[in-house]
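As a plain string of letters, each chain reads:
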Protein chains: 2
Amino acid sequence: MDEILALLRADGGRITPARRAVAEILVGGEEHLSAEDIAGRIQGALPDVSVSTVYRCLEALEKLGVVEHVHLGHGPSRYHLADRHHVHLLCRACGQLIELPPDALDGLGERLDADHGFALEPRHFALLGTCANCRG
Amino acid sequence: MDEILALLRADGGRITPARRAVAEILVGGEEHLSAEDIAGRIQGALPDVSVSTVYRCLEALEKLGVVEHVHLGHGPSRYHLADRHHVHLLCRACGQLIELPPDALDGLGERLDADHGFALEPRHFALLGTCANCRG
DNA sequence: TTCGATGCAAATAGTTTGCATTCTA
DNA sequence: TAGAATGCAAACTATTTGCATCGAA
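Overview of the structure. Note that the coordinates shown come from a computational prediction; the quantities given were computed from them, not determined experimentally.

Once that is clear, we can look at the sheet that holds strand 7 (residues 126-130) of chain B. Spatial strand order, 5(A)-7(B)-4(B)-5(B): four strands in an open sheet with mixed pairing. Either end of the sheet is taken by a strand with one partner, and the two such strands are strand 5 (119-120) of chain A together with strand 5 (97-100) of chain B. Looking at chain direction, strand 4 (residues 87-91) of chain B and strand 5 of chain B are connected through four bridges and run antiparallel. Counted as the bridge partner of B:Leu90 is B:Leu97 from strand 5 of chain B.

Turning our eyes to something else, we now look at the protein's contact with DNA strand C. Taken together, 19 residues sit near DNA strand C, with A:Thr16, A:Arg19, A:Thr53, B:Arg14 and B:Tyr55 positioned nearest. A breakdown of the atoms of DNA strand C within 4 Å of the protein gives sugar and phosphate a share of 71%. Take A:Thr16: an N or O atom from its side chain is 2.8 Å from a phosphate oxygen of DNA strand C. Sort the elements by how many residues they give to the surface near DNA strand C and helix 4 (residues 51-63) of chain A lands first, with four residues. Residues of the surface near DNA strand C, tallied by class, amount to six nonpolar, seven polar and six charged.

As a further point, take the pattern of salt bridges. Enumeration according to the criterion identifies eight salt bridges over all chains in this entry. We note a salt bridge from A:Arg92 to B:Glu121, for which the minimum N-O separation is 2.5 Å. Of the two residues, A:Arg92 sits in the loop between strand 3 (87-91) and strand 4 (97-100) while B:Glu121 sits in the loop between strand 6 (119-120) and strand 7, which places them in two different chains. Taking relative accessible area as the criterion, B:Glu121 reaches 23% and is therefore assigned partly exposed. Note that A:Arg135 and B:Asp113 form a salt bridge whose closest N and O atoms lie 3.1 Å from each other. Of this pair, A:Arg135 sits in the segment after strand 6 (126-130) while B:Asp113 sits in helix 5 (residues 106-116), placing the two residues on different chains. For A:Arg135, a relative accessible area of 36% gives the class partly exposed. Given the relative accessible area of 34%, B:Asp113 is considered partly exposed.

Each value, and the rule that gives it
Residues numbered from 1 in each chain as written. Chains lettered and ligands numbered in written order. Predicted model: local features only at pLDDT ≥ 70, side-chain atom pairs only at ≥ 80, totals over all residues. Heavy atoms only, no water. Pairing = 2+ DSSP bridges. Helix = DSSP H or I, 4+ residues; strand = E, 2+ residues; numbered from the N terminus. Near = heavy atom within 4 Å. Polar contact = N/O pair within 3.5 Å; in protein donor to acceptor, adjacent residues only side chain to side chain. Nonpolar A, V, L, I, M, F, W, Y, C, P; charged D, E, K, R; others polar. Salt bridge = Lys/Arg side-chain N within 4 Å of Asp/Glu carboxyl O. Buried < 20%, exposed > 50% of the residue type's maximum accessible area, 1.4 Å probe, protein only.

Here it is, written out as C-alpha cells:
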C-alpha cells in the first residue's frame, strides 16, 4: 500500500482520497472487480467519487505497473494488482470463472515465441469455453 | 449460399434482401468483418439496411450455427462463417492479427478438459500479446 | 500558488430493444 | 393475410473526454 502511494508520488502524482481508496480496494484482495464495482465500494465512504475518476485512478496505477486489467468475454474489464495475476477460464454459459496458476500457458507461450516471435500475454484475457457443469 | 438460405427457411425464417446480402458478404470470404463493416458493404446496394438489422441477421445465422463471432481484444466482434475459423493472435501494440490453424490449441484444450472438465473454445477469442515487430 | 486530480455532463463505441410498418411465404 | 423481419430512434453498457473547479504539495 505504502509502496503504491510512493510510486504515485515518485511519478509526480498526488495522493488524493480517491486514489487512496482505489488502491485500498485493490490491496483488499477481492478479485475480478470492474471499475463500476470499485466505484460502488468506494462510494460508501466517499459518496461522490465518480466512475470516471475511478477509471482515471486505475489508468494511473496501470501506467505505473501496479494494476492490470483482464478482459472476460463480453463484460467490463476487471482490475487487480499486477502481482496477483493468474490465467482465467470463463464459462460462456454460466459465467463461472476458474483460476489457473499464472504459468499455466507457459508452454504455449514458448511455442508461439519460437514459431512466430509472438510474446503471449496469457493473463490479459480469459480463455472461453464451457465448464463441467454446463456441458450437460 | 443456398444451404444457408435453406437453413433459414427450415427454421421458419424468411429470406429477405438484407439476410441474403449479409450471407453473401460472409460467403464472399473476407474475414474479420464487424457488423458495422458488413452494414457498410451492404449499403452500396441496399442503402438503408440499418446496423441493427445486420446484428439481427447475424444473430439469426449464429443461432443456426452458420456464423460465429470472435472477440479481438477491445474492438467490436468480428463475424465469419462457422466453417472458416482459426485461432487468432492479436498484437496489443499494433493490432496486427496472425492466424493459426484451427487446431493450434488442441493440446491445451485436452489438458483443460482432463484437469477441469472445461471445454475450451479456442476460436472464440484472440490470444493477446505482442508481435515480433513491436517487441523492439 | 501551481498544476495535477476531480466532478459532472456530454461524447463515444458497440450493441440491443420497442414499436409501428413492411413484405415474405 | 399472418407473422416474421425491418427501419428508425431510443436505450444501454462500458469507457473516454472537456472543462471548470478543487486541493495536494
